[in-house]
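Reading the structure
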Amino acid sequence: MEVEPYQFEPTVSEEESSASDDSSDVFSDDVNEDRIGHVEWCICGNCVPMHTGRESTCCRENAKSCDKIPPAMSCVTDNENFNAVCTNPAVIETAFNQYLENEGPIDDESLNEYVCITFTYRYVAYRQYTYWIHKKLGRKIRIPIPSCVVKQIRESFPSEGGNYKGFEYAH
């Protein structure tokens, strides 16, 4: 028996696929442009200004993340499980090791070891959040992460120069 690439990846039903197609329209480049540069749109009180409209979302605007917000708290980042799953260095390191096993090493010799590790830990933390809230989205399906979550992950695994890539749709 031969192993084929993505042989064991979960498949997406037509219903899920059309739902994800609808969500990409919601987060197109021209959506939420009026939110850039301020946080008046933030409901939870923990968001920061983002560089694009599609990144300018609050955890309170997503029903699945709202389900993870404890009573009497305002933000998904207040949930102790958020910190355990998304910002705990030991958990992120373990998830990173699993990522390396599945995806292989990062091939960018221009990055020094610290930059590479913190960049990768942020990437893994974003993946952890997505799995925690949405489960598996499917291959090449990405959705923006709320500003408050991005802020907390960036604070936990900061970029040496304060430069961050931002959200990109899969190509």
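Going by the structure above, here's the rest.
Report follows, based on the coordinates. (Residues numbered from 1 in each chain as written. Predicted model: local features only at pLDDT ≥ 70, side-chain atom pairs only at ≥ 80, totals over all residues. Heavy atoms only, no water.)

Quick look at the side chain of Ser65
Relative to the assigned elements, Ser65 resides in helix α2 (residues 63-66). For Ser65, the side chain forms a polar contact with the main-chain oxygen of Cys59, separated by 2.4 Å. Those residues in contact with Ser65 that sit more than four places away from it in its chain are Cys59, Val76, Tyr129 and Ile133. (Helix = DSSP H or I, 4+ residues; strand = E, 2+ residues; numbered from the N terminus. Polar contact = N/O pair within 3.5 Å; in protein donor to acceptor, adjacent residues only side chain to side chain. Contact = heavy atoms within 4.5 Å.)

Description of the pattern of salt bridges
Counted under the stated rule, the structure contains one salt bridge. In this structure, Glu61 and Arg35 form a salt bridge, with 2.6 Å as the shortest nitrogen-oxygen distance. Within this pair, whereas Glu61 is found in the loop between α1 (14-26) and α2, its partner Arg35 is found in the loop between α1 and α2, the two being separated by 26 residues in sequence. Given a relative accessible area of 15%, Arg35 falls into the buried group. (Salt bridge = Lys/Arg side-chain N within 4 Å of Asp/Glu carboxyl O. Buried < 20%, exposed > 50% of the residue type's maximum accessible area, 1.4 Å probe, protein only.)

Re the nonpolar core
Cys44, Cys59, Val76, Tyr129 and Val149 are the most contacted members of the largest nonpolar core, which has 28 residues in total. Of all the secondary-structure elements, those providing two or more residues to this core are α3 (80-87), α4 (89-103), α5 (113-134) and α6 (147-156). The element contributing the most residues to this core is α5, with seven residues. (Core = buried A, V, L, I, M, F, W, Y, C linked by side-chain atoms within 4.5 Å.)

Brief notes about α3
Considered for burial, the residues of α3 that qualify are Phe82, Cys86 and Thr87. What you see down the axis of α3 is that its buried residues fit within an arc of 70°, all on one side. Sitting at the amino-terminal end of α3 is Asn79, which places a side-chain oxygen 2.7 Å from the backbone nitrogen of Asn81. (Arc of directions from axis to C-beta.)

Quick notes on the packing of aromatic side chains
This model, assessed by the stated rule, comprises five aromatic pairs. Considering the side-chain rings of Phe82 and Trp132, the 6.4 Å spacing of their centres and the 50° angle between planes classify their relative orientation as tilted. Of the two residues, Phe82 is situated in helix α3 and Trp132 in helix α5; the sequence distance between them amounts to 50 residues. We note that Phe82, like Trp132, is buried. Its relative accessible area of 13% is what places Trp132 among the buried residues. Here the aromatic residues Phe82, Tyr129 and Trp132 are joined through ring pairs into a cluster of three or more. (Phe/Tyr/Trp six-rings, centres within 6.5 Å; stacked < 30°, edge-to-face > 60°.)

Describing unusual backbone geometry
If you check the backbone angles, Asn32 has positive phi at about 65° while not being a glycine. Mapped onto the elements, Asn32 comes out in the loop between α1 and α2. Its identity is not glycine, yet Ala72 carries a phi of approximately 70°, on the positive side. Relative to the assigned elements, Ala72 resides in the loop between α2 and α3.

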